[in-house]
Amino acid sequence: MQPGIQAYNKTQTLALSQRELEARALLKAASKLQWLKDNWEPSATVMEDPLSHNRQVWAIFLDAATDPESPLPQETRANMIGLSRFVINQCMRILFEPDPSKLDVLIEINQHIAAGLRGRGGEELAGDTRAVAAAG
């Protein structure tokens, strides 16, 4: 293969759009939460990784939304701040008051936001979450 084509292929692999990276992060977090729900064990050691991972993803979104240099419209930023705070707080509630049904809203939020980032409907994302889970 010619060097130019090799460089292009490498760039294509490495240069996922920001939206696609965010969608993948959300789907990975949703996959971990779904695993937790399916294998429910209300111990801190089992719950910590999926909930911590989800909090970290949403902390990144919160940080981006609160950045004064953010190019997002003010209304979008305000919505992302509110949603990020809700998700982070819900993760903490689950740690302190374990209940697998509380995971549903987190999984759905992640799937629907990922769908929006990919320009698709949320129903299509349930399969993506399972695919992410299978891929590890």
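The structure displayed is predicted, hence computed values, not measured ones. (Residues numbered from 1 in each chain as written. Predicted model: local features only at pLDDT ≥ 70, side-chain atom pairs only at ≥ 80, totals over all residues. Heavy atoms only, no water.)

S.K.: Can you walk me through the overall build of the chain in this structure?
M.R.: A tally of regular secondary structure across the chain gives six helices and zero strands. For the chain, the N- to C-terminal ordering of α and β elements is α-α-α-α-α-α. Evaluated residue by residue, the chain yields a buried proportion of 33% over its 136 residues. Here the analysis covers contacts within the chain between residues at least 6 apart in sequence; of these, 60% occur between residues at least 24 apart. As displayed, the chain has an accessible area near 8,200 Å², and 55% of this comes from carbon and sulfur atoms. (Helix = DSSP H or I, 4+ residues; strand = E, 2+ residues; numbered from the N terminus. Buried < 20%, exposed > 50% of the residue type's maximum accessible area, 1.4 Å probe, protein only. Contact = heavy atoms within 4.5 Å. Areas by Shrake-Rupley, 256 points an atom, 1.4 Å probe, with all protein chains shown as cover.)

S.K.: Mind showing me how you'd approach the layout of surface pockets here?
M.R.: Where empty space is left becomes clear once a probe the size of a water molecule has been rolled over the atoms. Estimates place the volume of the largest pocket at around 440 Å³. Together, 17 residues line the largest pocket, and Glu22, Phe61, Ala64, Leu72 and Met80 are the ones closest to its centre. Elements represented by at least two residues in the lining of the largest pocket include exactly α2 (18-38), α3 (44-66), α4 (74-96) and α5 (103-118). Along the lines of polarity and charge, the residues of the lining of the largest pocket split into 13 nonpolar, three polar and one charged. (1 Å grid on protein atoms, 1.4 Å probe; cavity = no way out; pocket = protein on both sides within 12 Å on 5 of 7 lines; lining within 4 Å. Points joined across faces, edges and corners; volume = space filled by probe spheres on them. Nonpolar A, V, L, I, M, F, W, Y, C, P; charged D, E, K, R; others polar.)

S.K.: I would appreciate a short explanation of the packing of aromatic side chains in the present structure.
M.R.: The description of an aromatic ring pair rests on the distance of the ring centres and on the angle between the ring planes. Applying the stated criterion across every chain yields a total of one aromatic pair. An angle of 70° between the planes, with centres 5.1 Å apart, marks the rings of Trp58 and Phe61 as edge-to-face. With a gap of three residues between them, Trp58 and Phe61 both fall in helix α3, about one helical turn apart. The pair formed by Trp58 and Phe61 is uniform in burial state, with each residue classed as buried. (Phe/Tyr/Trp six-rings, centres within 6.5 Å; stacked < 30°, edge-to-face > 60°.)

S.K.: For this particular structure, what's the right way to read the environment of Cys91?
M.R.: Looking at where Cys91 falls in the secondary structure, it is placed in helix α4. Placed 44 residues apart in sequence, Cys91 and Met47 show a C-alpha to C-alpha distance of 9.6 Å. Ignoring any residue separated from it by four or fewer positions in sequence, one finds Cys91 in contact with Leu51, Asn54, Arg55 and Leu106.

S.K.: Which parts of the structure should I look at to understand the environment of Arg118?
M.R.: Residue position: Arg118 is located in helix α5. Considered as a pair, Arg118 and Arg24 are 94 residues apart in the sequence and their alpha carbons are 9.6 Å apart. One polar contact links Arg118 to Glu20, side chain to side chain, over a distance of 2.6 Å. (Polar contact = N/O pair within 3.5 Å; in protein donor to acceptor, adjacent residues only side chain to side chain.)

S.K.: Where do I start with the nonpolar core in this structure?
M.R.: Core analysis: the largest hydrophobic core is formed by 26 residues, its most contacted members being Leu26, Leu51, Trp58, Leu103 and Leu106. Secondary-structure elements contributing two or more residues to this core are α2, α3, α4 and α5. If near-sequence neighbours (up to four positions away) are discounted, Leu51 is found in contact with Leu33, Leu36, Cys91, Ile94, Leu95, Leu103 and Leu106. (Core = buried A, V, L, I, M, F, W, Y, C linked by side-chain atoms within 4.5 Å.)

S.K.: Hey, could you run me through the pattern of salt bridges in this one?
M.R.: Where side chains of opposite charge bring their charged atoms close, a pairing between them can arise. Scanning all chains against the criterion turns up six salt bridges. The partner of Lys32 in a salt bridge is Asp49, with the nearest N and O atoms 2.9 Å apart. On the criterion of sequence distance, the pair formed by Lys32 in helix α2 and Asp49 in helix α3 is long-range, its members being 17 residues apart. For Asp49, a relative accessible area of 43% corresponds to the partly exposed category. (Salt bridge = Lys/Arg side-chain N within 4 Å of Asp/Glu carboxyl O.)

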